[in-house]
Amino acid sequence: MPSVIKTDTYTKLFGDLRAVDSVSLSVEKGSLFGLLGQNGSGKTTMIKMLTGQMKPSSGSAQVLDIDPSNDPVPVREAVGIIPEQETPPSFLTAEEYLAFVGKIRHIEGIEEKSDWWFDYLDFGDKRDVLCKDLSRGTRQKLMFAQAFLHTPALALIDEPLINLDPVMQRKVKQFLAEYVQSGNTIFLSTHILEIAEEICTDFAILHKGKLLHTGTVRELTENNIHLDDFFMDLVERGNENV
Amino acid sequence: MIFSWTLLKEETRMFDLFTTMFKEEWRLHSTLFGSLNFALFPVLIFGIAFMGAFLLPFIRSVMDLSVLVFLMHGNFALLGIMVGSFGLMGKEIMNRRFGQASLIAYSARSLPVSEKRLFLNFVVKDIVYYFILWVLPFCMGFILAAPLMGMSLYYPLLTLLTLTLSFLTGLCAVFLLSAGYSRSKTAFAVVCAIAAASAALFVFGFNGGATALFPPLAVFYSFSAESLAISVGVILILFTLSMVFFTSEYQSSEKHYKNRHPMLSQRLALLPEHDLVAKDFIDLYRSGIGIGQTLFSFLLPLGLIWLILSLMGGFLPPENLLLIFAVVTGVISSTMYTWLTEFDAIASYMFLPLSVSSVIKAKIESFTVLQAVPVIFLTGVALYSGTAAYIPHALVVSLCISFFALSVLVRLCGLSPTTLIYNARIFLTYMLLIGPLILVLIILTFTSPLFAFAGILLVIPSWYFIQSGFEKWDNTDFAGF
């Protein structure tokens, strides 16, 4: 399988802090790749660099064969992104926001596509409410919809389930599983290991900016190892080595 | 005894609240600009005033001193208005800029303190904080320069008093207006109309003059216990009324709106970034910032400035007054850029296929559309004052200054002008680029009104600042969002 994301000694420094430290990884097309780590491990920084929102201090990356630090706008044109914080514009309604994203992304038939998402994520009754007045869960749904409006070949999503109720979480997980089955790729950042174990095909563990492990969930399952135990063991050893 | 202990405990709690709010304000600013950069801000203000004091004899030779006195007091009243407005919109601004953040002032629901008590602490904190940040360093510059210039300390000390009163008048006025607005928008509009009509009647009908319209000026020109009592009394009345009417808006109403974006975007199709411009105008309209800022940050200060400038008709020819006013209008119009950047953090755009420069371009296009307001306003003033022949001069100089100041803001502050301008280095650069230029243009138009057209030369540096601003901000990491 070809790689849709490839990084080579990718590094980001904030002063003395090595937020991402020489990370080299590869994400195959058609995978649901989980980037796992504790809070502050560098997951969000990694997504920001891969989507051209932040430049790396050193190292290189290719995302869908585009260098995000040189061509940030083309990368964001090609991929879908759900940021860590749900930040739709305050004074547009949910419907206007999707129309706005549709215009920016030059999406045809935006009304029908928006209707589908309002229906699928069950928030059509909030379509004419200002984004600032929406609950966090509804904002999360809106951010989810905007990331997939243009059916990107690759979506980079940061903690997409955190504000959703159990029913909606199940629906979203089902959507993500089907999305990769149709040949697309998802790069999911999360610290909720149960979700990662349930839906991810591949994963990487980031700890204090360093990549501790990459592998498939199947390898763990075949050896009767829970991702949760594997993660804890690795992080403890990682702490000892630091 | 129990009563006094309770009272003491209450006072301690109030003081704790005050110091915590004070620290919060400091940390907000020092996080944004770096502790050293922000700590240097009062030093910078002091330096400007200290050096400016030595220029007074030169300024006096080309400009009536009453104009300078008025501009200083007007600026400090405006500063009070700005500080008050930012504080009252703090929660909204913090949330837009930092995500789910808030200020202690908005925590009445989670702290066992009444909202009025929180508001009282908030007002006192604002007064002390901004007095130390702005008013005191500015006046200390004059006070320390006075002995070196062989001047008596009377006027510098009086300036400290009257500029403090001006700042407090602006601050308390905006608190009252805001408190009134949150109670009843209709009552608020009626009160504003009555206040404006009374002020105009007082100035023109009873020959009250500028000093009567603005009590701190009366204290400056004829200091007496009576004038001081009136000025302090006005502040106390404004403050007390704002406390009486204050209510925090906790009920978030879920209003429903029609989908306006596609239609508006189509109407603005001539503009290259029309989708983003349409969003800006929806934001301006729905947030109330468009109307609120036009009223409080544009029409109100400019109306007041015009009223007072027109009282100087005896000293200056009307075309000179119009051109001074056009220059001031240009500077104030440039702040419309800050209206457009208050809605969302840059994070709202960065996950879309947009560069920072294209967002700034859209803001500049929106800004250009908004310049219709000063154009109409200036034209109206020129027609009213019988200087219609100088409308082209006034419009050219005003718009050129407005766009030049905008370009400087774009280069220095990108999409965060309201916060980055408090960075000492940025503020100094801004002042050095704008201040001398304004003085030169005013002086030149005094020699001949035709010099107003010299403003066209500003197109070149404006273009440079905007282009280099695009490059700068496209290559800047927004690590903090």
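Quantities reported herein were computed from a predicted structural model and do not represent experimental measurements. (Residues numbered from 1 in each chain as written. Chains lettered and ligands numbered in written order. Predicted model: local features only at pLDDT ≥ 70, side-chain atom pairs only at ≥ 80, totals over all residues. Heavy atoms only, no water.)

1. Let's talk about the pattern of salt bridges
All names here are of chain A.
Right, on to step 1. All told, the structure shown has 11 salt bridges over all chains when counted by the stated rule.
Right, on to step 2. The salt bridge partner of R18 is D21, with a shortest N-O separation of 3.0 Å.
Right, on to step 3. Linking R127 and D115 is a salt bridge whose minimum nitrogen-to-oxygen distance equals 2.6 Å. Here the residue R127 occupies a position in the loop between α4 (110-120) and α5 (136-148), and D115 occupies one in helix α4, the gap between them amounting to 12 residues.
Right, on to step 4. A residue is classified by how much of its surface remains accessible, and R127, at 23% relative accessible area, is partly exposed.
Right, on to step 5. Among the charged side chains, a network of salt bridges with common partners joins R18, D21 and K210. (Salt bridge = Lys/Arg side-chain N within 4 Å of Asp/Glu carboxyl O. Helix = DSSP H or I, 4+ residues; strand = E, 2+ residues; numbered from the N terminus. Buried < 20%, exposed > 50% of the residue type's maximum accessible area, 1.4 Å probe, protein only.)

2. Some words on the packing of aromatic side chains
Ring pairs (aromatic) are described by centroid distance and by the angle formed between their planes.
Right, on to step 1. Under the counting rule described, the total for this entry stands at 31 aromatic pairs over all chains.
Right, on to step 2. With centroids separated by 6.0 Å and ring planes inclined at 90°, the aromatic side chains of A:W117 and A:Y120 adopt a geometry described as edge-to-face. Of this pair, A:W117 and A:Y120 both sit in helix α4, three residues apart, which is roughly one turn of the helix.
Right, on to step 3. Given a relative accessible area of 4%, A:W117 falls into the buried group.
Right, on to step 4. Its relative accessible area of 17% is what places A:Y120 among the buried residues.
Right, on to step 5. Seen from their ring centres, B:Y154 and B:Y155 are 5.1 Å apart, and the 80° between their planes marks the pair as edge-to-face.
Right, on to step 6. Since its relative accessible area comes to 44%, B:Y154 is described here as partly exposed.
Right, on to step 7. The rings of A:W116, A:W117, A:Y120, A:F144, A:F148, A:F175 and A:Y179 are connected pair by pair, giving a single aromatic cluster.
Right, on to step 8. The ring centre of A:Y120 lies 5.2 Å from the NZ or CZ of A:K171, which sits over that ring.
Right, on to step 9. Here the guanidinium or amino end of B:K361 rests over the ring plane of B:F470, the centre of that ring lying 5.4 Å away. (Phe/Tyr/Trp six-rings, centres within 6.5 Å; stacked < 30°, edge-to-face > 60°. Lys NZ or Arg CZ within 6 Å of the ring centre and 35° of its normal.)

3. Structural notes on the nonpolar core
Here is a general trend for soluble globular proteins: nonpolar side chains tend to be buried in one another's company.
Right, on to step 1. Core analysis: the largest hydrophobic core is formed by 208 residues, its most contacted members being A:F148, A:L176, A:I186, A:F187 and B:W134.
Right, on to step 2. Shared between two domains, this core holds at least three residues of each, these being domain 1 (7-249) and domain 2 (258-481) of chain B.
Right, on to step 3. Among all residues touching B:W134, those that are not within four sequence positions of it are B:F41, B:I45, B:F76, B:L79, B:Y422 and B:F427. (Core = buried A, V, L, I, M, F, W, Y, C linked by side-chain atoms within 4.5 Å. Domains from an automatic or database assignment. Contact = heavy atoms within 4.5 Å.)

4. Overview of the interface of chain B and chain A
Right, on to step 1. The interface is formed by 38 residues belonging to chain B together with 38 residues belonging to chain A.
Right, on to step 2. Regarding the contact of chain B and chain A, the summed buried area is about 3400 Å², with carbon and sulfur atoms giving 58% of it.
Right, on to step 3. For the pair chain B and chain A, the number of links is one salt bridge.
Right, on to step 4. At the junction of chain B with chain A, the criterion picks out eight residue pairs in polar contact (both at pLDDT 80 or more).
Right, on to step 5. Those elements that place two or more of their residues in the side of chain B that touches chain A are α4 (90-98), α11 (261-267), α12 (274-287) and α16 (347-350) of chain B.
Right, on to step 6. Top contributing element to the side of chain B that touches chain A by residue count: α12(B), with seven residues. (Buried area = accessible area lost by both parts, 1.4 Å probe. Polar contact = N/O pair within 3.5 Å; in protein donor to acceptor, adjacent residues only side chain to side chain.)

5. Details of the pairing of strand β1 (residues 3-14) of chain A
Residues and elements named next belong to chain A.
Right, on to step 1. The pairing of β1 with strand β2 (residues 17-28) spans eight bridges and is antiparallel. Within the sheet, the bridge partner assigned to F14 lies in β2 and is L17.
Right, on to step 2. As defined by bridge partners, β1 adjoins strand β4 (residues 58-63) across five bridges and the pair is classed as antiparallel. For K6, the partnering residue across the bridge sits in β4 and is Q62. (Pairing = 2+ DSSP bridges.)

6. Overview of the sheet that holds β2(A)
Residue and element names in this part refer to chain A.
Right, on to step 1. Taken together, the three strands give an open sheet; going across it, the order is β2-β1-β4, and neighbouring strands pair in antiparallel fashion. Among the strands making up the open sheet, the edge pair consists of β2 and β4. Taken over all neighbouring pairs, the strand axes of this sheet differ in orientation by 15° on average, direction set aside.
Right, on to step 2. Seen against the sheet, helix α1 (residues 43-50) touches β1, β2 and β4 and runs at an angle of roughly 115° to β1. (Axes fitted to C-alpha atoms, helices over the stretch in contact; angles between N-to-C directions.)

7. Quick word on helix α14 (residues 318-334) of chain B
Right, on to step 1. With 17 residues, α14(B) extends 24 Å from end C-alpha to end C-alpha; this agrees with the ideal 24 Å at 1.5 Å per step.
Right, on to step 2. Across the 17 residues that make up α14(B), a large majority, 15, are buried. (Expected span 1.5 Å × (residues − 1).)

8. Section: the environment of B:N259
Right, on to step 1. Mapped onto the fold, B:N259 is located in the loop between α10 (225-245) and α11.
Right, on to step 2. In contact with B:N259, other than residues within four places in its own chain, are A:E95 and A:E96.
Right, on to step 3. A polar side-chain atom of B:N259 sits 3.5 Å from the main-chain amide nitrogen of B:H261.

9. Quick word on the packing of helix α17 (residues 356-370) of chain B against helix α22 (residues 459-474) of chain B
Residues and elements named next belong to chain B.
Right, on to step 1. Where α17 meets α22, the closest approach of the two axes is 8 Å, and the angle between their N-to-C directions is 140°. When the interaxial angle is binned, α17 and α22 end up oblique. On α22, the residues that touch V356, S357, I360, K361 and I364 of α17 are I466, F470, W473 and D474.
Right, on to step 2. When grouped by side-chain class, the residues that make up the contact of α17 with α22 number six nonpolar, one polar and two charged. (Parallel < 35°, antiparallel > 145°, perpendicular 65-115°, else oblique. Nonpolar A, V, L, I, M, F, W, Y, C, P; charged D, E, K, R; others polar.)

10. Quick look at a negative patch on the surface
Right, on to step 1. Together, A:D119, A:D122, A:D125 and A:D165 make up a negatively charged patch on the protein surface.
Right, on to step 2. Assignment of secondary structure puts A:D165 in the loop between β6 (154-158) and α6 (166-181). (Patch = residues over 30% accessible without salt bridge, like charges linked within 9 Å, V, L, I, M, F, W, Y side chains within 5 Å. Areas by Shrake-Rupley, 256 points an atom, 1.4 Å probe, with all protein chains shown as cover. Lys, Arg positive; Asp, Glu negative; His and termini not counted. Charge placed at Lys NZ, Arg CZ, Asp CG, Glu CD.)

11. Brief notes about the sheet that holds β6(A)
All names here are of chain A.
Right, on to step 1. Strand order in the open sheet formed by six strands is β5-β6-β7-β3-β8-β9, with mixed pairing between adjacent strands. Each edge of the open sheet carries a strand with a single partner, namely β5 (80-82) and β9 (210-216). Strand-to-strand, the axes of this sheet are offset by a mean angle of 15°, without reference to chain direction.
Right, on to step 2. Sitting on the sheet, α5 is in contact with β5, β6 and β7 (185-190), with an inclination near 165° to β5.

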